[in-house]
Amino acid sequence: MSKQGILTVVSGFSGAGKGTLMKALLKKYDYGLSISATTRAPRAGEEDGREYFFLTRERFESMIEQGELIEWAEYVGNYYGTPKKYVEEQLAAGKDVILEIEVQGAFHVRKQFPEALLLFITPPNANELKSRLINRGTESMDKIESRLHRASEEAVFMKEYDFIVVNDDLDECVERLNEIIENEHSRTLRNDSFIEKMSKELMAFKKGDL
Ligand code: 5GP
């Protein structure tokens, strides 16, 4: 079956638990998680080059100009973007790569990589999302309101994604994500060369060969 790396885009409302989910997924399975560039300030405990590359607006804009980003978007007042080099190298080496990005970015990626798999992570209901954002304690009430407002705009785009994954139980969600990506390797459109080889071999059989 397909040995080519699959590019998976994971989006979801801010507070859906994507960060925790990605950490748990990577601990258990071998995926390449792209590290984005951003102009937002690091949160307590975040490290440059681990959660994000934290850049000035000038540096970020120069990356845009130099064509060093696959996609970029402005989200609640800050730039976020995916560096091209890592993704291209990993995919070429046959590794499955995950981008954890918001919806505008996801659709830019789909344009450039039509075979990318788009997954949307959501908590089971809106109240749960609100309490997760409040309990995380990393943002002011003002920022939480902006993020909830943004979530209501993003909800419109959920149906454009290939799969919706409800993040209720972390371990179950990790398994579900891994299963979806694994299954994607079996999709017929990703297995042209296998299909061609199998067909050729079958056609080569001749009557009387047995
Ligand atoms: P946060 O500030 O909570 O870390 O991220 C805010 C939003 O930006 C999240 O929805 C996250 O998925 C998104 N994001 C992170 N990196 C990128 C990126 O490289 N490109 C885009 N378009 N969005 C990103």
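If you're wondering where the values come from, they're calculated on a predicted model, not measured in any experiment.

1. Re the pairing of strand S1 (residues 7–12)
Then step 1. For S1, the buried fraction is high: six of the six residues fall into the buried class.
Then step 2. Alignment of S1 against strand S7 (residues 97–100), held across four bridges, turns out to be parallel. Bridge pairing in S7 places leucine 7 opposite valine 97.
Then step 3. For S1 and strand S8 (residues 117–122), the ladder comprises five bridges, and the chain directions are parallel. Residue pairing for S8: valine 9 is matched across the bridge by leucine 118.

2. With respect to the domain arrangement of the protein
Then step 1. Domain annotation for the protein reports domain 1 (1–31 + 96–210) and domain 2 (35–94).
Then step 2. Each side of the interface is counted separately: domain 1 has 25 residues, and domain 2 has 17 residues.
Then step 3. Regarding the contact of domain 1 and domain 2, the summed buried area is about 1,700 Å², with carbon and sulfur atoms giving 61% of it.
Then step 4. For the pair domain 1 and domain 2, the number of links is two salt bridges.
Then step 5. A salt bridge links lysine 23 to glutamate 51; the nearest nitrogen and oxygen atoms lie 3.9 Å apart.
Then step 6. Those elements giving two or more residues to the side of domain 1 that touches domain 2 turn out to be S7, helix H4 (103–112) and helix H6 (141–154).
Then step 7. A total of five residues in the side of domain 1 that touches domain 2 trace back to one element, the largest contributor, which is H4.
Then step 8. Looking at the side of domain 1 that touches domain 2, its residues break down into seven nonpolar, nine polar and nine charged.

3. Here's the deal with the nonpolar core
Then step 1. The biggest cluster of nonpolar side chains holds 19 residues, and the ones touching the most others in it are Leu7, Val9, Val87, Leu99 and Val109.
Then step 2. The biggest single contributor to this core is H4, with three residues.
Then step 3. Counting the residues that make up this core, at least three belong to each of domain 1 (1–31 + 96–210) and domain 2 (35–94).
Then step 4. The residues contacting valine 87, other than those within four sequence positions of it, are Leu7, Ser34, Ile70, Thr82, Val97 and Leu99.
Then step 5. Judged by nonpolar contacts, the second largest core, of 17 residues, contains Leu25, Leu117, Leu119 and Cys173.

4. Focus: the sheet that holds S7
Hydrogen bonds between backbone groups are what pair the strands of a sheet, and the pairing can be parallel or antiparallel.
Then step 1. Ordered in space as S2-S7-S1-S8-S9, the five strands form an open sheet in which the pairing is parallel. Bordering the open sheet on either side are strand S2 (32–33) and strand S9 (163–166), each of which pairs with just one other strand.
Then step 2. Here H4 sits on the sheet in contact with S1, S7 and S8, set at roughly 160° to S1.

5. Quick look at the sheet that holds strand S6 (residues 78–83)
Then step 1. Here we have four strands laid out as an open sheet, ordered S4-S3-S6-S5, and mixed in their pairing. The open sheet has two edge strands, strand S4 (52–54) and strand S5 (69–75), and neither has a second partner. Sheet twist, expressed as the average angle between the axes of neighbouring strands with direction ignored, equals 25°.
Then step 2. Taken together, the six bridges between S5 and S6 define a ladder with antiparallel strand orientation. The partner of tryptophan 72 across the bridge, within S6, is glycine 81.
Then step 3. Set on the sheet, helix H3 (residues 84–92) makes contact with S5 and S6; between it and S6 the angle comes to about 30°.

6. A short note on the site of the ligand
Then step 1. Taken together, 16 residues surround the ligand, and among them Ser36, Arg40, Tyr52, Tyr80 and Glu102 come closest.
Then step 2. In the model, an oxygen atom of the ligand is placed 3.1 Å from a nitrogen or oxygen of the lysine 18 side chain.
Then step 3. Interatomic distance of 3.3 Å between a side-chain N/O atom of threonine 82 and an oxygen atom of the ligand.
Then step 4. Contact with the protein chains hides 96% of the accessible area of the ligand, taken as 510 Å² for the molecule alone.
Then step 5. At the level of elements, S5 and S6 are the ones that each hand at least two residues to the shell around the ligand.
Then step 6. Looking at the shell around the ligand, its residues break down into five nonpolar, four polar and seven charged.
Then step 7. Two domains each provide a minimum of three residues to the shell around the ligand, namely domain 1 (1–31 + 96–210) and domain 2 (35–94).

Calculation notes
- Residues numbered from 1 in each chain as written.
- Predicted model: local features only at pLDDT ≥ 70, side-chain atom pairs only at ≥ 80, totals over all residues.
- Heavy atoms only, no water.
- Buried < 20%, exposed > 50% of the residue type's maximum accessible area, 1.4 Å probe, protein only.
- Helix = DSSP H or I, 4+ residues; strand = E, 2+ residues; numbered from the N terminus.
- Pairing = 2+ DSSP bridges.
- Domains from an automatic or database assignment.
- Contact = heavy atoms within 4.5 Å.
- Buried area = accessible area lost by both parts, 1.4 Å probe.
- Salt bridge = Lys/Arg side-chain N within 4 Å of Asp/Glu carboxyl O.
- Nonpolar A, V, L, I, M, F, W, Y, C, P; charged D, E, K, R; others polar.
- Core = buried A, V, L, I, M, F, W, Y, C linked by side-chain atoms within 4.5 Å.
- Axes fitted to C-alpha atoms, helices over the stretch in contact; angles between N-to-C directions.
- Near = heavy atom within 4 Å.
- Polar contact = N/O pair within 3.5 Å; in protein donor to acceptor, adjacent residues only side chain to side chain.
- Areas by Shrake-Rupley, 256 points an atom, 1.4 Å probe, with all protein chains shown as cover.

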